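Survey of secondary and tertiary structure
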Amino acid sequence: MDKAQKKALTEEWKNRRPEMGVISLRCKETGETFLGPAKDTKAGFNSLRAKLSGGIHPNKRLMELWNQYGEAGFELSVAAVLEYEDPLEDHTEELETLRDLCLAENPQAVKIWK
């Protein structure tokens, strides 16, 4: 790969607009729901799967359910999408606020990351 191509790919990556929002994991058997903010929902799900499959997720209850029912025992979805303009801006506070709104709408839901 030459320098111009590498530079073009780097610029393309910097200017991409990943879907930001609140991701949801719901245990089909118990109905327990876990919500968390994600700056990139696709990457967020991949990260969760890796931590849960590796047995290293810090949320003990979520880890217990995953060990008991496996990935097939969960519904993974995007609970809410954050609309934003600048992909380079930090949207952490907005994502946490959106997660808190989702938690308020579903009192039985808890945070993925405690």
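An account of the accompanying structure is given in this report. (Residues numbered from 1 in each chain as written. Predicted model: local features only at pLDDT ≥ 70, side-chain atom pairs only at ≥ 80, totals over all residues. Heavy atoms only, no water.)

Angle between the axes and distance between the axes: these two values describe a pair of packed helices. Taken N-terminus to C-terminus, the directions of helix H2 (residues 41-53) and helix H3 (residues 60-69) make an angle of 75 degrees; their axes are 10 Å apart at the nearest point. Looking at the two axes, H2 sits roughly perpendicular to H3. Contacts from Arg49, Lys51, Leu52 and Ser53 in H2 reach Leu62, Met63 and Trp66 in H3. Here the residues of the contact of H2 with H3 sort into 4 nonpolar, 1 polar and 2 charged. (Axes fitted to C-alpha atoms, helices over the stretch in contact; angles between N-to-C directions. Helix = DSSP H or I, 4+ residues; strand = E, 2+ residues; numbered from the N terminus. Parallel < 35°, antiparallel > 145°, perpendicular 65-115°, else oblique. Contact = heavy atoms within 4.5 Å. Nonpolar A, V, L, I, M, F, W, Y, C, P; charged D, E, K, R; others polar.)

Strand order in the open sheet formed by 4 strands is E3-E1-E2-E4, with mixed pairing between adjacent strands. A single partner strand is all that each edge strand has here, and the edge strands are strand E3 (74-82) and strand E4 (110-111). As paired elements, strand E2 (residues 33-38) and E4 share 2 bridges and run parallel to each other. Within the sheet, the bridge partner assigned to Phe34 lies in E4 and is Val110. The strands touched by H3 are strand E1 (20-27), E2 and E3; relative to E1, the strand with the most contacts, the crossing angle is about 55 degrees. Packing of helix H4 (residues 92-105) onto the sheet brings it into contact with E1, E2, E3 and E4, and relative to E2 it is tilted by some 160 degrees. (Pairing = 2+ DSSP bridges.)

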